[in-house]
Amino acid sequence: MTPSAAALPPGHRVVVSALAESPPEALDSATSIAIEPMAAPDRASIGPRDVIVAVRAAAVGWVDLLMTSGQYQHQPALPYTPGLESAGVVAWKGPEAGDAVGLGDRVIVDGLLVGPRSLGDHQRWGGFASYVVAPAEALHPIPAALSFDQAAGLLGAYETAYHALVARGRVQPGEVVLVHGASGATGLAAVEVAKLAGARVLATGRSEAKLAVVKDHGADHVILVGDGAGGVRRFRDDVKALTGGRGVDVVYDPVGGAVSLESLRCVRFGARFLVVGWASTPYVARGLGLRGAPNANAIPTNLVMMKGLDVLGCPAVISTLFDPALRPPRLAAVLRWAAEGAIRPHVSHGFPLADFRAALRARWSGDVVGGCVVRP
Ligand SMILES: NC(=O)c1ccc[n+]([C@@H]2O[C@H](COP(=O)([O-])OP(=O)(O)OC[C@H]3O[C@@H](n4cnc5c(N)ncnc54)[C@H](OP(=O)(O)O)[C@@H]3O)[C@@H](O)[C@H]2O)c1
């Protein structure tokens, strides 16, 4: 019997039904986020170009945590299923879905077109579920070298790194790039992308064990930023020593807060400062929708001025809404690098879907290096 003729078995999905005050409160609540049974998608009620994907792995991202407390800039309507990105197997396809993917193919589900970060008809199909329904154009074959776990978080991490370093930062061979949060999903991807761009990479983190993984992914030097008491060291001294007193050409900053401020002392005149995120200030928009206030990050304009800095905001998804031409080259580059083995997505943690709380807690508490997934 072909997969198209076989009945698809029922499964499960995670549902967020109410926003909590904070991610930990969402995880502690028995009701605001829960797992429930899910029937296989009804083929009669989905579009002719749609494809049913049996999810094998869904990335557990920082943004999934922020969304549970209304702190993300793009909030899906409640109730919603988390999981911005996923990977799985084509289980059924509509009569007009074309030949680009076939039954049984391993595919990446594009989070810009499907799931809670998307805008259109497929927003409800988050990856924390046994099945997602995706339009055919939202599916990309998984490069042979990648596992489902690696494929699930590929695009978000590496497209962000590409957008910031290549499209915005225009990193040149021989330049020195300081990558913060290098043990994180976007940071570890940025280490690899900056190396591919020909840069010398100084990568920062808070744990020697995690920085060993970062070094294995190509960082030329690793620097501890923590002072051991929860604060940030004067890492400018390390950076100056490693750059002959000159400072770096580019800062990739997904951390924010005190790390951003110290970074302004680590740059050469005329450097580019790439604002990617604020992992160190997870309550940046606390107050459910009061975006950016009152805890938003700030950087002192006197240093921006005196160091002649170019401060570049790097929102990987929002940028494509204003300039759709940004997407095709970066998507092609990331998929090509993955196919060639030029990038090696690292996934330190995987959990059964039923343990989604443990997966989100691992991400929240900083246990993860690179990627974390749930497996339906
Ligand atoms: N611009 C975009 O389009 C875009 C796309 C994706 C994500 N983001 C944003 O980028 C940020 C990082 O995302 P991610 O997915 O990489 O998250 P992640 O995997 O959880 O990584 C966070 C990183 O930040 C580090 N970090 C956290 N708090 C810190 C602190 N107080 N001091 C120093 N380092 C700290 C973590 O270090 P440890 O490993 O030591 O905990 C880790 O390396 C988030 O704010 C996210 O919203 C932006």
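Quick notes on the rules
- Residues numbered from 1 in each chain as written.
- Predicted model: local features only at pLDDT ≥ 70, side-chain atom pairs only at ≥ 80, totals over all residues.
- Helix = DSSP H or I, 4+ residues; strand = E, 2+ residues; numbered from the N terminus.
- Rg over C-alpha atoms; globule rule 2.2 N^0.38 Å.
- Buried ≥ 20, exposed ≤ 12 C-beta atoms within 10 Å, placed from the backbone.
- Contact = placed C-beta atoms within 7 Å.
- Domains from an automatic or database assignment.
- Arc of directions from axis to C-beta.

## Overview of the overall build of the chain
Moving on, step 1. The helix and strand inventory of the chain stands at twelve helices and 15 strands.
Moving on, step 2. For 376 residues, the compact-globule estimate of 2.2 N^0.38 gives 21 Å, and the C-alpha radius of gyration of the chain, at 21 Å, lies within 12% of that figure.
Moving on, step 3. Counting only C-alpha atoms, the chain reaches 70 × 45 × 40 Å along its principal axes.
Moving on, step 4. Buried residues in the chain amount to 50% of all 376 residues.
Moving on, step 5. Relative to all contacts within the chain whose residues are 6 or more apart in sequence, the contacts with residues 24 or more apart total 69%.

## Some details on the domain arrangement of the chain
Moving on, step 1. Assigned domains of the chain: these are domain 1 (11–153 + 345–375) and domain 2 (170–319).
Moving on, step 2. Across the contact, 15 residues belong to domain 1 and 16 residues belong to domain 2.

## Let's talk about helix 12 (residues 356–364)
Moving on, step 1. For helix 12, the set of buried residues is Phe-356, Ala-359, Leu-360, Arg-363 and Trp-364. Seen from one end, helix 12 has its buried residues packed into an arc of 135°, which puts them on one side.
Moving on, step 2. Looking at the packing, one finds that the buried side of helix 12 touches strand 1 (11–16), helix 1 (23–28), strand 2 (33–38), helix 2 (62–67), strand 14 (347–352) and strand 15 (371–375).
Moving on, step 3. Two residues or fewer after helix 12 comes Gly-366, characterised by a positive phi angle close to 80°.

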